[in-house]
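# Inside the fold
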Amino acid sequence: MTEVKKHYRSNPHLYRLLAITVLWMLFMAVTRFDKFYTFKNFQTIAAQFPEFGLMSLGVMLCMMTGGIDLSCVGVANLTSILCALLMTKLAGESGVLSPATFPIIVVVVLVIGALCGAFSGLLVAKVRIPPILATLGVNELLTGICMVLTGGAALSAFPKEMTTMLAANIGGVLPVRLLVFVAMAVLVWFMLCKTTYGTKLLLLGTSEKVARYSGMKTERMLIRTYMTSGICSALGGLMMLSTYASARADYGSQYTLQTILIVVLGGVSPNGGKGKISGVILAIVLLKLLESGINRFQNISSYYISLIWGGVLILAMVMDYVTGDKRSRA
Amino acid sequence: MAQALLKATDIQKSFAGVQALKNVSLEIMPGEIHCLAGENGCGKSTLIKIISGVYQRDGGTLEFDGKTMDKFTPIDAITNGIQVIYQDFSVFPNLTVMENLAFNTELAAKRRIVSKKRMRQIAEEAVAKINFQVDLDALVGTLSVAEKQMVAISRALMFNAKLIIMDEPTTALTKKEVQALFDIILKLKEQGIAILFVSHKLDEVFEISERFTIFRSGELVVTGSTKDLDDKKFTFYMTGREFNDKTFVAENLTEQPILETRNLTLDGHFQDISLKLYGGEILGITGLLDSGRTELALSLFGIRPATGGAILRNGQEISIKTPQDAMKQKIGLVPEDRLSEGLFLPQSIADNIIIAEIEQLKTPMGIFDRKKRQEEVDHWVKEMALATPDANNASSTLSGGNQQRIVLAKWLACHPEVLILSGPTVGVDIGSKHDIHAILQQLARKTGMGIIIISDDLPEVLENCSRVLILKDGRIVHEAPTQEIDEKTIVSYMM
Amino acid sequence: MQKSIKKIFGRTEFYVFALLVVLSVLIQFRSGGQFYTANNLVDIASALIVPGIFAVGTFMVIVSGGFDVSFPALASLSVYATTKFMLNIDYSGGILLPLLMVIAIGALLGAFNGFFVGYLNLNAMIVTLGASSVFKGIMQGALNSKQLAVIPEGMRAFGTSALFTATNSQSGLTSRMPMAFLVFVAVVILAWFLLNRTYFGRGIYALGGNPASAKAAGFNVKRTKFIMFILVGMISAVAGFIRVCMMQQCHPTNMLGMEMNIIAGVVLGGAAITGGAGTLLGCILGTLLIVMVENSMILLGVPTTWKSVFVGALIVIGTGVSALQVLRANRSASRARTMTKEGAK
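Residues numbered from 1 in each chain as written. Chains lettered and ligands numbered in written order. Predicted model: local features only at pLDDT ≥ 70, side-chain atom pairs only at ≥ 80, totals over all residues. Heavy atoms only, no water.

## Concerning helix α9 (residues 293-300) of chain B
All names here are of chain B. In terms of burial, α9 is largely enclosed, as eight of its eight residues are buried. Turning to α9, its buried residues number three or more, namely R293, T294, E295, L296, A297, L298, S299 and L300. The first or second residue beyond α9 is G302, which carries a positive phi of 85 degrees. (Buried < 20%, exposed > 50% of the residue type's maximum accessible area, 1.4 Å probe, protein only. Helix = DSSP H or I, 4+ residues; strand = E, 2+ residues; numbered from the N terminus.)

## Here's the deal with a nonpolar patch on the surface
Residues and elements named next belong to chain C. There is a patch of nonpolar side chains on the surface, built from F17, V21, V25, F29, Y36 and L41 and spanning about 590 Å² of accessible area. Here the nonpolar patch gets four residues from one element, more than from any other, and that element is helix α2 (residues 12-30). For V21, the location among the structural elements is in helix α2. Judged by relative accessible area, V21 falls into the partly exposed class, the value being 36%. (Patch = residues over 30% accessible without salt bridge, like charges linked within 9 Å, V, L, I, M, F, W, Y side chains within 5 Å. Areas by Shrake-Rupley, 256 points an atom, 1.4 Å probe, with all protein chains shown as cover. Salt bridge = Lys/Arg side-chain N within 4 Å of Asp/Glu carboxyl O.)

## A word on the sheet that holds strand β7 (residues 163-167) of chain B
The strands making up a sheet associate through backbone hydrogen bonding, with each pair oriented either parallel or antiparallel. All names here are of chain B. The sheet built from six strands is open, its strands ordered β6-β7-β8-β3-β9-β10 with mixed pairing. Lying at the two open borders of the sheet, with one neighbouring strand each, are β6 (82-85) and β10 (219-225). If you compare each strand with its neighbour and ignore which way they point, the axes differ by 15 degrees on average. Relative to the sheet, helix α6 (residues 175-190) contacts β3 (33-37), β7 and β8 (194-198), its axis offset from that of β8 by approximately 145 degrees. (Pairing = 2+ DSSP bridges. Axes fitted to C-alpha atoms, helices over the stretch in contact; angles between N-to-C directions. Contact = heavy atoms within 4.5 Å.)

## Some details on the packing of aromatic side chains
Scanning the model with the defined rule gives 25 aromatic pairs over all chains in all. A centroid spacing of 6.0 Å and a plane angle of 80 degrees characterise the contact between F103 of chain B and Y199 of chain C, whose relative ring orientation is edge-to-face. Within this pair, whereas F103 of chain B is found in helix α3 (residues 97-108), its partner Y199 of chain C is found in helix α9 (residues 199-209), the two belonging to separate chains. Across the pair, Y199 of chain C and F103 of chain B agree in class, each one buried. Taken together through their ring pairs, the aromatic side chains of F112, F115, F116, Y119, F135 and F226 of chain C make up a single cluster. One cation-aromatic arrangement involves K160 of chain A over F158 of chain A; the distance from NZ or CZ to the ring centre is 4.6 Å. Sitting above the plane of the Y205 of chain C ring, R202 of chain C keeps its charged end 4.7 Å from the centroid. (Phe/Tyr/Trp six-rings, centres within 6.5 Å; stacked < 30°, edge-to-face > 60°. Lys NZ or Arg CZ within 6 Å of the ring centre and 35° of its normal.)

## Topic: the pattern of salt bridges
Per the counting criterion, the structure on display carries 28 salt bridges over all chains. As a salt-bridge pair, R475 of chain B and D272 of chain B come within 3.5 Å of each other at their nearest N and O atoms. With R475 of chain B in strand β20 (residues 475-481) and D272 of chain B in strand β12 (residues 270-278), the pair connects residues that are 203 residues apart, well separated along the chain. By relative accessible area, R475 of chain B is classed as partly exposed at 42%. The class of D272 of chain B is partly exposed, set by a relative accessible area of 40%. Taken together, the shared-partner salt bridges in this structure form one network comprising K200 of chain A together with E359 and K362 of chain B.

## Focus on the pairing of strand β19 (residues 467-472) of chain B
Residues and elements named next belong to chain B. When you tally the buried positions in β19, you get five out of six residues, the bulk of the element. Inspection of the sheet shows strand β13 (residues 282-287) paired to β19 by five bridges, in the parallel sense. Bridge pairing in β19 links T286 to I470. Here six bridges tie β19 to β20, and the two strands are oriented antiparallel to one another. Across the sheet, the residue bridging to K472 is R475, located in β20. Count of turn residues in the β19/β20 antiparallel hairpin: two residues, of which D473 carries a positive phi of about 45 degrees.

## Some details on the sheet that holds strand β11 (residues 257-266) of chain B
Residue and element names in this part refer to chain B. Spatially, β12-β11-β14-β15 is the arrangement adopted by the four strands of the open sheet, whose pairing is antiparallel. In this open sheet, the two edge strands, each paired with only one partner strand, are β12 and β15 (316-318). Here the strands of the sheet are splayed against their neighbours by 20 degrees on average, with no regard to which way each runs. Packed onto the sheet, α9 meets β11, β12 and β14 (308-313) and runs at close to 120 degrees relative to β11.

## Looking at the interface of chain A and chain C
With 42 residues of chain A at the contact, the number on the chain C side is 42 residues. If you sort the residues of chain A by the area they bury against chain C, L133, E140 and I314 of chain A come out on top, with a joint share of 17%. Between chain A and chain C we count zero salt bridges in total. Where chain A packs against chain C, one counts four residue pairs in polar contact (both at pLDDT 80 or more). Of all the secondary-structure elements, those providing two or more residues to the side of chain A that touches chain C are α5 (102-125), α6 (131-150), α12 (255-265) and α14 (304-329) of chain A. Looking at the side of chain A that touches chain C element by element, the count peaks at twelve residues for α6 of chain A. Broken down by class, the residue content of the side of chain A that touches chain C amounts to 29 nonpolar, ten polar and three charged. (Buried area = accessible area lost by both parts, 1.4 Å probe. Polar contact = N/O pair within 3.5 Å; in protein donor to acceptor, adjacent residues only side chain to side chain. Nonpolar A, V, L, I, M, F, W, Y, C, P; charged D, E, K, R; others polar.)

## Regarding the interface of chain C and chain B
For an interface, size is often stated in terms of accessible area lost upon the parts coming together. Counting residues at the interface gives 28 residues for chain C, matched by 25 residues for chain B. Taken together, both faces of the contact between chain C and chain B bury some 2,200 Å²; the carbon and sulfur share is 54%. Viewed at the interface, chain B and chain C are joined by one salt bridge. Our enumeration of links across chain C and chain B arrives at eight residue pairs in polar contact (both at pLDDT 80 or more). Taken together, the elements giving at least two residues each to the side of chain C that touches chain B come down to α8 (180-197), α9, α10 (211-217) and α15 (307-344) of chain C. The biggest single contributor to the side of chain C that touches chain B is α15 of chain C, with seven residues. Tallied by class, residues from the side of chain C that touches chain B come to ten nonpolar, ten polar and eight charged.

## Some thoughts on a negative patch on the surface
All names here are of chain B. On the surface, D203, E207, D486 and E487 cluster together to form a negatively charged patch. Along the polypeptide, E487 turns up in helix α17 (residues 487-494). Taking relative accessible area as the criterion, E487 reaches 35% and is therefore assigned partly exposed. (Lys, Arg positive; Asp, Glu negative; His and termini not counted. Charge placed at Lys NZ, Arg CZ, Asp CG, Glu CD.)

## What about the packing of helix α3 (residues 39-64) of chain A against helix α11 (residues 218-244) of chain A?
Residues and elements named next belong to chain A. As a packed pair, α3 and α11 sit with axes 7 Å apart at the nearest point and diverge in direction by 170 degrees. With respect to each other, α3 and α11 are oriented roughly antiparallel. Contact residues: α3 offers E51, L54, M55, L57, G58, V59, L61 and C62, while α11 offers T225, Y226, T228, S229, C232, S233, L235, G236, M239, M240, T243 and Y244. In terms of residue class, the contact of α3 with α11 is made up of twelve nonpolar, seven polar and one charged. (Parallel < 35°, antiparallel > 145°, perpendicular 65-115°, else oblique.)

## A word on α6 of chain B
Residues and elements named next belong to chain B. Taking 1.5 Å per residue as the helical rise, α6 with its 16 residues ought to reach 22 Å, and the 23 Å between its terminal C-alpha atoms agrees with that figure. Along α6, the residues that are buried comprise V178, L181, F182, I184, I185 and L188. Each buried residue of α6 sits inside an arc of 160 degrees when the element is viewed along its axis, so together they form one side. With respect to the buried face of α6, the exposed residues turned more than 90 degrees away are K176 and E190. For α6, the secondary structure elements touched by its buried residues are β3, α5 (145-157), β7, β8 and α7 (202-208). The positive-phi residue at the C-terminal boundary of α6 is G192, with phi of around 85 degrees. (Expected span 1.5 Å × (residues − 1). Arc of directions from axis to C-beta.)

## Some remarks on the domain arrangement of chain B
All names here are of chain B. Domains assigned within chain B are domain 1 (6-239) and domain 2 (257-494). A C-alpha centroid distance of 33 Å is found between domain 1 and domain 2. Carbon and sulfur atoms make up 66% of the area that domain 1 and domain 2 hide from each other, which totals about 980 Å². Taken together, the connections running from domain 1 to domain 2 amount to zero residue pairs in polar contact (both at pLDDT 80 or more). At the level of elements, α6 and α8 (231-239) are the ones that each hand at least two residues to the side of domain 1 that touches domain 2. Ranked by residue count, the leading element in the side of domain 1 that touches domain 2 is α8, at four residues. Its residues assigned to classes, the side of domain 1 that touches domain 2 shows four nonpolar, six polar and three charged. (Domains from an automatic or database assignment.)

## What to know about the nonpolar core
Grouped together as the largest cluster of nonpolar side chains are 353 residues, with contacts concentrated most on M60 and I260 of chain A together with I164, L408, L419 and I451 of chain B. Formed jointly, this core draws a minimum of three residues from each of two domains, domain 1 (6-239) and domain 2 (257-494) of chain B. The residues contacting M60 of chain A, other than those within four sequence positions of it, are V188, L192, V263, V268, K276, I277 and V280 of chain A. Counting residues in hydrophobic clusters, the runner-up holds 27 residues, among them L6, L21, L62 and V84 of chain B. (Core = buried A, V, L, I, M, F, W, Y, C linked by side-chain atoms within 4.5 Å.)

## Let's talk about the confidence of the model for chain B
Per-chain confidence: chain B averages 87 in pLDDT, with 97% of residues scoring 70 or above. Across the predicted assembly, pTM comes out at 0.84 and ipTM at 0.86. (pLDDT = per-residue confidence, 0-100.)

Right, here's the structure in full:
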């Protein structure tokens, strides 16, 4: 009992999110049980959230350092466009992509992500541009490259073998995309909780100067973090490619704000130095559940979802404000 | 005897059930320089905030200038002639001196439209009062700390101030600047303005104040004339303990210097510094704020790598370009500014302790070893006698003295052979100061560690170091064993 | 004299202005003399109106140390609601009533931001991010927004009325200088007066420099932030309104996504992202730089698909150069102090 209490006290944010999720699930159970609680629905949810879920993981890491990554959509689109071009190339005349090339594509995806992330990281760590501007510029730049590559049109004429595979469900049950997300989430969790990286990241986010005076390789940490974020976004781009079966310079532009929304909702402090991956993952799932739930009500425009997201974000902050204020008064 | 300017009687204040002030009283005469002293957390800041209207008192009476002050705001306090100069001076670095000086007056007059002419007039009058020469159009951010303080003082004088409260005004000043400040305080006294000078620096209390009041744990310990006060009594009143100061004598020095520099230079900061540090000794380095002493420490630790000369470790020439290089050479640095360089304030005490040695807390597989971490944390909390119920609490919950012990623990956990401390006891209460000195002396004596203390707190240097180097304008101007030199001589070399 | 010259050279505004000149000369040569033609200059001025007004609002928020990403959504919602309402009541009058209505809605939505940022002291970037989402939701959900191909006559007339018409003597092409340019000028002048000649405006600067001191000096910090966000809401709504008038149709979502380029322009002009520093002149020059780059692609013979590449590179290089300048200044400042002292001996 005391253990639970203690856990609650150190993670009030997490429990509040959990409460909102449970309430929402209850509400859906009462109002639209047969439409919401179907296997198919949950499967769709699980297949859809990985693309922005992956990007959110990257944004989370950057925000923990006190920075932000606004370039995730640019990285994702660039990745998906380059992949589409690469797939066409690899398939050659036959137009059929052999499964043997899949690993090559995955490696290319990771490299693109790492390079883009490293570029942002260099601008932040070495040139000392405020992260919000650096990644904003990089996003614009990458989007520009996408426009130049595609001329603004959608690329859909590419061999679909790999994207179909990614869009499939294993044994008709488990979405492949969910697996990719879980794999990345576990990796990030491992880095944060099982290696010294997590502690160092949060301390770096608290004060870069103190971190340097404590012998931390701050520049390398920052670059590494933005690289990881780039890799997350690149994987998100691959997921987008498989969802839309096409690539375009301006897909997923809503994700820039959405990922930040998720990360803040998940309890990561925009000033850095505070946050937990569990909260962010819960926030990712919660947002998708909210969206999917709203869609079960025919008479409610699906556009209300953005109203609800914004409302939930501000509500979460106000709740933190109210409880935080109490603590400081005590 | 004249009527008291400020008469606070039996003031009480509690925060969430904790009594911060228990029936304390304070009396200040017109034109008097009164020193309020006490360790961190003794309640002196709370009392200042009550006097200046920031907090409401729970009990007691407050009279100012013959008027009873009940339920008043900071603005009321200002209009009655009470001004507080806080440690950060409350200035705007991005605005001009003129604007900084004129804002309060203009806002108090509820003006809405800016008039540069009127502002300049106000500003000129303000600086004239203390004969302060400054470019009114310069941005305050480009001024030195002392000049910023002058801006704050000039501003305070504009409201027909009768009482000026200065909250630890000398913390970031050099000796020379402190002297200039004292001159101004005396000038203000001549104009009939009373000064409440908050400090826990002994020598300042003696030099400037006529009367003093000392608080301890929210209670009034003693109040009286400074003439009747001496070192021993002061320390006893502050801490409730008695200390016997003994000058440190180095024993078992290593034959070879463990750290040596030859003509070490950092362009624009220091030149041709050649020094030797032996294992088991405590070497003092002193000098004015801009003598290059801070930068020397930073160069030895790789934060600002030296641009010329050589560093030798146990006779071997080494290169220190980054803090990691220094740490590899088992050199640690307790930096000058604890709050912005030494501690992750909002983070846990535990993380602050282990951050520098974190790479050593891994299993062979590279996994973060939580058990080892906990052992280290427990060890250092006990070793340093940190006053905390839980090492997972934020470091900001501790007092300055305890915070400094965390920084010390962080480096001791790395088992350094050379430990450099820049201003090791700035902003630390007397009790903790003595404890920290004892720890350092014991380290040098027992472990053969070579310690460098960089400080302008001369009693500290004389008491703890076996040798002292004096820096001036980036060069070593004198070196002497501490037994053969006194404060006056050191100051004469520093200036 | 020498001091004032030094002052000019040390300022970001000077560099942005120099860059503008260099760039324009470059375009002039590359395009065979098509940049400095009457119609092209008028085109650029006309393209500056909407981003320019947005930039003024954004500038205020950044100077106060805050951040606003909600203004495009705020503008979209205010102007959509106004246009829709006017169409519904078959409004056929002049420009004044719709303008007042859009400003009122903008003020209301700005107050929403201002309440959370000012009175609850929440992180401005996150609040405005949430607000952006809320505004969009209200517009698309509650108002069920669709593209409005027709706008009330008064608005259309205002959008198409011209101050003067410039003709290119070579090609005979003409460009109209919209009446709305006067609104832009008026907004800039009002904002300049507010920021530099009133204590409310100096309070915004003070707040960006040091919020605690601002409070101690007697500024009402919470109210200043609150009112500032209301003003920014009003300014942004005006920008959105002008855009709809000039385009002669109301497309609910095509302003969304503009925020980043506007912020980039403001920061390029020298406003410190940490607050407290920057001038309105720099803000306008920075915005002009971005507008010019965006609008001169065709003159340069560069396909418009390259637009984002150029703007992105401009942001990265522009902010990079100023960041490096700050680094170098910090380094040499402490050095200079010791040096001059030695020289004085």
